[in-house]
Amino acid sequence: MSKSVVLVTADVKPIDGYRWHAAPSTYLEAALNGANAIPLILPSLGGAIDLDAVLDRVDGVLATGSRSNVNPDLYGGEASEANGPYDPDRDATSLPLLRRALERGIPVLAICRGMQELNVALGGTLLTEIQELEGRKDHRAPVSERQEERFAISHPIDVRAGGQLHGAVGDTTIEVNSLHRQALGELGRKLTIEAVAEDGTIEAVSVEGAKSFALGTQWHPEYWVACDQPSQKIFAAFGADVARYRDQKLR
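What counts, and where the lines are drawn
- Residues numbered from 1 in each chain as written.
- Predicted model: local features only at pLDDT ≥ 70, side-chain atom pairs only at ≥ 80, totals over all residues.
- Heavy atoms only, no water.
- Helix = DSSP H or I, 4+ residues; strand = E, 2+ residues; numbered from the N terminus.
- Lys, Arg positive; Asp, Glu negative; His and termini not counted.
- Charge placed at Lys NZ, Arg CZ, Asp CG, Glu CD.
- Expected span 1.5 Å × (residues − 1).
- Buried < 20%, exposed > 50% of the residue type's maximum accessible area, 1.4 Å probe, protein only.
- 1 Å grid on protein atoms, 1.4 Å probe; cavity = no way out; pocket = protein on both sides within 12 Å on 5 of 7 lines; lining within 4 Å.
- Points joined across faces, edges and corners; volume = space filled by probe spheres on them.
- Nonpolar A, V, L, I, M, F, W, Y, C, P; charged D, E, K, R; others polar.

(A) The arrangement of the overall build of the chain in detail. Looking only at helices and strands, the chain has seven helices and 13 strands in total. A principal-axis box enclosing the C-alpha atoms of the chain has dimensions of 55 × 45 × 35 Å. Distance between charge centroids for the chain: 7 Å, based on 25 positive and 35 negative side chains.

Okay, here's the thing in structure tokens:
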């Protein structure tokens, strides 16, 4: 039987005089090895792409993290140089992609920026520069040139018993990494909190009533999928539902 195919969101980056549509290898390898699916990068070409035509051909959607932030104009905020960088082409592609994937019942795993996109796509808001907010810890990555240090497991989160994340990882407390300066504010429609950090920062959400796996994580399970059990279990659960969706289409 052929492998499942997972659509992966892309950043738009200027490199060597070109505009590249790219995704980090960690997400591609996690999809391949952790979810047992072939990753396929979707270029961020906004409304020029027929999303239904693309989604007809895939079995899941993986929304990646990024250094860029969702433009606050999209959720009633105010864009600023300090809050950037922004990636309007990705915004114009990923937000409608996530909405349409959920409408069609396609499995979704949204990570870091991807989870923030999911929230905004469903009408929610974001908190910017949370390290400056009273009572919040600094969730930014350690300053280092070594990715292992930047992505190091750094703090515990409380997982809601009986939720989708709990069903995947099997524990009500897990340790995660932290590389973000934004967080979810007002929750989008039908989103349910799946996990929180000690300072109240929302660390995971699911989509209530979703027809398939639909989970967002603020941390980066893709980085440690080869050796961290919770990370492995999240991608395995996503991959299992992606395979289920594929098999259902083939019947």
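After that view, the rundown keeps rolling.
(B) Fine view of helix α7 (residues 229–250). For α7, which comprises 22 residues, the first-to-last C-alpha distance of 31 Å matches the rise-based estimate of 32 Å (1.5 Å per residue) to within 8%. Listing the buried residues of α7 in full gives Pro 230, Ser 231, Ile 234, Phe 235, Phe 238, Gly 239, Asp 241, Val 242, Tyr 245 and Arg 246.

(C) Focus on empty space enclosed by the protein. Summed over the entire model, instances satisfying the criterion amount to one cavity of 30 Å³ or more. Around the largest cavity, the lining residues are Ile 153, Glu 175, Val 176, Asn 177, Trp 219, His 220, Pro 221, Trp 224, Asp 228, Pro 230 and Ser 231. For the lining of the largest cavity, the elements supplying multiple residues, two or more each, are β9 (173–176) and α7. Partitioning the lining of the largest cavity into residue classes produces six nonpolar, three polar and two charged.

(D) Fine view of the layout of surface pockets. Volume-wise, the largest pocket comes out at about 770 Å³. What lines the largest pocket is a set of 33 residues, among which Ser 66, Arg 67, Arg 150, Phe 151 and Leu 179 lie closest to the centre. Elements represented by at least two residues in the lining of the largest pocket include exactly β2 (11–15), α1 (25–34), α4 (113–121) and α5 (147–150). The greatest single-element share of the lining of the largest pocket, amounting to three residues, is contributed by α1. Residues of the lining of the largest pocket, tallied by class, amount to twelve nonpolar, 13 polar and eight charged. Its boundaries defined by the atoms lining it, the second largest pocket holds a volume of some 270 Å³. Together, Arg 99, Leu 102, Glu 103, Leu 122, Arg 189, Lys 190, Val 207, Glu 208, Gly 209, Ala 210 and Lys 211 line the second largest pocket. For the lining of the second largest pocket, the element with the highest residue contribution is helix α3 (residues 88–104), accounting for three residues. Looking at side-chain class alone, the lining of the second largest pocket contains four nonpolar, one polar and six charged residues.

Without other data, these values stay purely geometric and don't point to any function.
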